[in-house]
Amino acid sequence: MKVFKAVVLVLLALLSLAAGFAKLTHAPDEIAFYSGLGINLNWLLPFGILQAGGALICMIPRIRKAGLLMIAAGFALSSLFIFASGYPVFGIVSLLPLAVSIWLMDRTPRPLRA
């Protein structure tokens, strides 16, 4: 089970890193999507930092839960935006990484205090 959780964590982190990187680099599809929703493109930078930063932070065992929380928040926002754009099936699929990050948070032990 330990190996399975580690593989799932790495895959989730890669997914979040890719989503954040797309926002940070202002990928044309991201710009078109958020512009279509009427969201100011200035929000792509903090949103991208949230997703990419969460991916990096969740790899550090002592602060893993904080990184997973950032990933969960990023995917929750993404899912809301996808639902708002009128794609309910893709919105439901987009909830899977959110559920996985919550599952991993629940299974991450509290770090020992020094």
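The model shown is predicted, which means the values in this text are computed figures rather than measured ones.

Q: How should I be thinking about the overall build of the chain in this particular structure?
A: A count of helical and extended segments in the chain gives five helices and zero strands. On C-alpha atoms alone, the chain measures out to a radius of gyration of 15 Å, which is about the 13 Å that the 2.2 N^0.38 rule sets for 114 residues. Taking the principal axes of the C-alpha coordinates as reference, the chain spans close to 45 × 25 × 20 Å. Relative to its 114 residues, the chain shows a buried fraction of 33%. Considering only contacts within the chain whose residues lie at least 6 apart along the sequence, 64% involve residues at least 24 apart. Per element, the accessible surface of the chain, about 7,100 Å² overall, is 75% carbon and sulfur.

Q: Teacher, can you tell me more about the packing of helix α3 (residues 44-57) against helix α4 (residues 64-84) here?
A: The relative placement of two packed helices comes down to the angle between their axes together with the axis-to-axis distance. At a minimum axis distance of 7 Å, the contact between α3 and α4 shows a crossing angle of 145°. Relative to α4, α3 is oriented so that their crossing is left-handed. Of the residues in α4, those in contact with Phe47, Ile49, Leu50, Gln51, Gly53, Gly54, Ala55 and Ile57 of α3 are Arg64, Ala66, Gly67, Met70, Ile71, Ala73, Gly74, Phe75, Leu77, Ser78 and Phe81. Per-class residue counts for the contact of α3 with α4 are twelve nonpolar, six polar and one charged.

Q: What should I look at first to understand a nonpolar patch on the surface in this one?
A: Among the surface-exposed residues, Val3, Val7, Val10, Leu11, Leu14, Leu17, Leu56 and Met59 lie close enough to one another that they form a single nonpolar patch of about 730 Å² accessible area. No other element matches helix α1 (residues 2-24), which puts six residues into the nonpolar patch. Turning to its location among the elements, Met59 is positioned in the loop between α3 and α4. The partly exposed category is assigned to Met59, whose relative accessible area is 37%.

Q: Help me out: how do you make sense of the pattern of salt bridges in this one?
A: Any two side chains of opposite charge can pair, given that their charged atoms come close. Counting across every chain of the model gives two salt bridges. A salt bridge links Lys23 to Glu30, with the nearest nitrogen and oxygen atoms 3.4 Å apart. Lys23 gets classed as buried once you look at its relative accessible area, which sits at 3%. What makes Glu30 buried here is its relative accessible area of 17%. Salt-bridge contacts for Asp106 lead to Arg107; the nearest nitrogen and oxygen are separated by 2.7 Å. Taking relative accessible area as the criterion, Asp106 reaches 57% and is therefore assigned exposed. For Arg107, a relative accessible area of 37% puts it in the partly exposed group.

Q: In this structure, what is going on with the nonpolar core? I would like to understand it.
A: Nonpolar side chains in soluble globular proteins generally cluster together in the buried interior. In terms of nonpolar packing, the biggest core is built from 13 residues, with Leu9, Leu12, Cys58, Leu68, Ile71, Phe75 and Leu104 touching the most fellow members. Elements with a minimum of two residues in this core: α1, α4 and α5 (88-106). When sequence neighbours within four positions are dropped, the list of residues in contact with Leu68 reads Leu9, Leu12, Cys58, Ser101, Leu104, Met105 and Thr108.

Q: I'm lost on the packing of aromatic side chains in this one. Help?
A: The geometry of two aromatic rings is summed up by the distance between their centres and the angle between their planes. All chains considered together, the criterion is met by five aromatic pairs. Where Phe33 meets Tyr34, the ring centres are 5.0 Å apart and the plane angle is 85°; that geometry is what we call edge-to-face. With relative accessibility at 4%, the residue Tyr34 sits in the buried group. On the numbers, 6.0 Å between centres and 85° between planes, the contact of Phe47 with Phe81 is edge-to-face. Placement of Phe47 in helix α3 and of Phe81 in helix α4 is noted, with a sequence separation of 34 residues between them. Taking the relative accessible area as the measure of exposure, Phe47 reaches 7% and is therefore buried. Ring-pair connections join several aromatic residues into one group, and the members of that group are Phe33, Tyr34, Phe47 and Phe81.

Definitions and cut-offs
- Residues numbered from 1 in each chain as written.
- Predicted model: local features only at pLDDT ≥ 70, side-chain atom pairs only at ≥ 80, totals over all residues.
- Heavy atoms only, no water.
- Helix = DSSP H or I, 4+ residues; strand = E, 2+ residues; numbered from the N terminus.
- Rg over C-alpha atoms; globule rule 2.2 N^0.38 Å.
- Buried < 20%, exposed > 50% of the residue type's maximum accessible area, 1.4 Å probe, protein only.
- Contact = heavy atoms within 4.5 Å.
- Areas by Shrake-Rupley, 256 points an atom, 1.4 Å probe, with all protein chains shown as cover.
- Axes fitted to C-alpha atoms, helices over the stretch in contact; angles between N-to-C directions.
- Left-handed = near helix turned anticlockwise from the far one by under 90°.
- Nonpolar A, V, L, I, M, F, W, Y, C, P; charged D, E, K, R; others polar.
- Patch = residues over 30% accessible without salt bridge, like charges linked within 9 Å, V, L, I, M, F, W, Y side chains within 5 Å.
- Salt bridge = Lys/Arg side-chain N within 4 Å of Asp/Glu carboxyl O.
- Core = buried A, V, L, I, M, F, W, Y, C linked by side-chain atoms within 4.5 Å.
- Phe/Tyr/Trp six-rings, centres within 6.5 Å; stacked < 30°, edge-to-face > 60°.

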